[in-house]
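Working through the structure, step by step
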Amino acid sequence: AVHGGYRTALERGFVGAKVPLGLKRKRLRVVVTGGAGFVGSHLVDRLIERGDNVIVVDNFFTGRKENLVHHFGNPNFELIRHDVVEPLLLEVDQIYHLACPASPVHYKFNPVKTIISFSQLLLRFAPVLSVHKTNVVGTLNMLGLAKRVGARFLLTSTSEVYGDPLQHPQTETYWGNVNPIGVRSCYDEGKRTAETLTMDYHRGAQVEVRIARIFNTYGPRMCIDDGRVVSNFVAQALRKEALTVYGDGKQTRSFQYVSDLVEGLIKLMEGEHVGPFNLGNPGEFTMLELAKVVQDTIDPDAKIEFRPNTADDPHKRKPDITRAKELLGWEPKISLREGLPLMVSDFRKRIFDDHSEVDL
Ligand code: NAD
Ligand code: UDP
Ligand code: UDP
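Residues numbered from 1 in each chain as written. Chains lettered and ligands numbered in written order. Predicted model: local features only at pLDDT ≥ 70, side-chain atom pairs only at ≥ 80, totals over all residues.

For the rest of this paragraph, the subject is the overall build of the protein. The secondary structure content of the protein amounts to 11 helices and 13 strands. A total of 360 residues make up the protein; the buried ones form 44% of that total. Contacts in the protein between residues far apart in sequence, at least 24 positions, make up 81% of those at least 6 positions apart. (Helix = DSSP H or I, 4+ residues; strand = E, 2+ residues; numbered from the N terminus. Buried ≥ 20, exposed ≤ 12 C-beta atoms within 10 Å, placed from the backbone. Contact = placed C-beta atoms within 7 Å.)

Structure, rendered in structure tokens:
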């Protein structure tokens, strides 16, 4: 009652419960940290669509107002410019905690001598510390908030917690193979610490928590110049540049379309299980195979250029999603060949038609 009845929704069993047909679902107050980013903005779309009150908390480090502009003016939507490293007081029922710079070029010095865009150049100097701080202090603050108001907390962790995995495909029971002092560690170890904090608040303070381990995800609204492989290849093919394959191109990743991920995140939040759950598409591709799909989709004449690989690059990655299938009733529906064209049309528009990369 002190906090405006946020416990009521939980106590009445609305959160996570199946609402019988014909009964109106209670409107939840949901925070999405990192909601101006790629995944967050798609999640916000779905939450608004189902009638929730959504508060986005974002410092616009990599996120953009354009991703949310269609909700401006909606009374059920609120956008707060705030860095989660600072404490925050809100009264809510659920917290989706996504805030974190997520692409390798955003969190490490890229030793590969590539021609880089201005935005990448700026991001190179973004302090690596802020990633770790966001993962550790930011997650601590959001857990403190969840504890105070009795909200349910969902952490978007990552397949990077498995490091360069010695088990293939990766199950949630695998503890991983992470270099603690490498250039990727601020992210990998940061997320591992965030998982630890989440479980500590669960065990020690009875906070209701959920942990998702997200595998490589792509789709509309990805940062065009964030250096991730799908965004790089798509932007390069559209700009008639060569596709830059790092290393021998035989390393693998499994690519998930963003709407599948969003459905998984919501099912996880609403379900009864803490996790961690792998959320990813088990369709596994070498980078050369990915380049071929991009050529088939955009430009069969696109050239391939080999570049030296980055340090500590995981050799392969593929989720075992048995747990999510059995306990959440979730599995991805959209294959790479179906999803890629949807991303391509968004990239084409943003690269050629407008100036939405300009900061608002
Ligand atoms: P993104 O960079 O598009 O979004 C992250 C958002 O967090 C941005 O809007 C950014 O401005 C915001 N942010 C960063 N630091 C912040 C801070 N200190 N305070 C407030 N806001 C802050 O990345 P994304 O791909 O949408 O990733 C979302 C989440 O999913 C991240 O936690 C990421 O680690 C996780 N994840 C993503 C992938 C993927 O392939 N996209 C894979 C694994 C895990
Ligand atoms: N916190 C926050 N919002 C809240 C409650 C807590 O940002 O509504 C922050 C708080 O500032 C602290 C962190 O979350 O830094 C952890 O809070 P907790 O109460 O668990 O720990 P304590 O404050 O007792 O160290
Ligand atoms: N990669 C590539 N060309 C690029 C960008 C990345 O071949 O232009 C490779 C990279 O070396 C890695 C894989 O693609 O092996 C996936 O990289 P990304 O940064 O997208 O994701 P992550 O390494 O975090 O899984």
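From this point, the narrative continues.
Of all 5 residues in strand β1 (residues 29–33), 5 are buried, a share of seventy percent or more. Neither face of β1 is exposed, since Arg29, Val31 and Thr33 on one face and Val30 and Val32 on the opposite face are all buried. Where β1 lies against strand β2 (residues 53–58), 5 bridges are found, and the strand directions are parallel. Bridge pairing in β2 links arginine 29 to asparagine 53. (Pairing = 2+ DSSP bridges.)

As a further point, take the sheet that holds strand β5 (residues 152–158). Spatially, the 7 strands line up as an open sheet ordered β3-β2-β1-β4-β5-β6-β11, and their pairing is parallel. Of all strands in the sheet, those with a lone pairing partner are β3 (77–81) and β11 (277–279), marking the two edges. Sheet twist, expressed as the mean angle between neighbouring strand axes with direction ignored, is 20°. Direction of pairing for β2 relative to β3: parallel, over a ladder of 5 bridges. The residue bridging valine 54 from the neighbouring strand is phenylalanine 77, located in β3. In the packing of helix α8 (residues 258–270) onto the sheet, contacts are made with β4 (94–97), β5, β6 (209–214) and β11, and the angle to β6 comes to roughly 160°. (Axes fitted to C-alpha atoms, helices over the stretch in contact; angles between N-to-C directions.)

Near ligand 3 lie 14 residues; those nearest to it are Arg228, Val229, Asn232, Thr244 and Tyr246. Where the shell around ligand 3 is concerned, the elements lending two or more residues are α7 (229–238) and β8 (243–246). Here the residues of the shell around ligand 3 are counted per class, giving 5 nonpolar, 6 polar and 3 charged. (Near = placed C-beta within 6 Å. Nonpolar A, V, L, I, M, F, W, Y, C, P; charged D, E, K, R; others polar.)

In this model, histidine 168 is joined to proline 169 through a cis peptide bond whose omega is -15°. On the secondary structure map, proline 169 appears in the loop between β5 and α6 (185–205). Note that the residue after glycine 275, namely proline 276, is joined by a cis bond; omega there is 5°. Relative to the elements of secondary structure, proline 276 occurs in the loop between α8 and β11. Although it is not a glycine, phenylalanine 60 sits at a positive phi angle of roughly 60°. In this structure, phenylalanine 60 sits in the loop between β2 and β3.

A word on α8. Across its 13 residues, α8 extends 18 Å between first and last C-alpha, which sits within 8% of the 18 Å expected from 1.5 Å per residue. Among the residues of α8, those classed as buried are Val258, Asp260, Leu261, Val262, Gly264, Leu265, Leu268 and Met269. (Expected span 1.5 Å × (residues − 1).)

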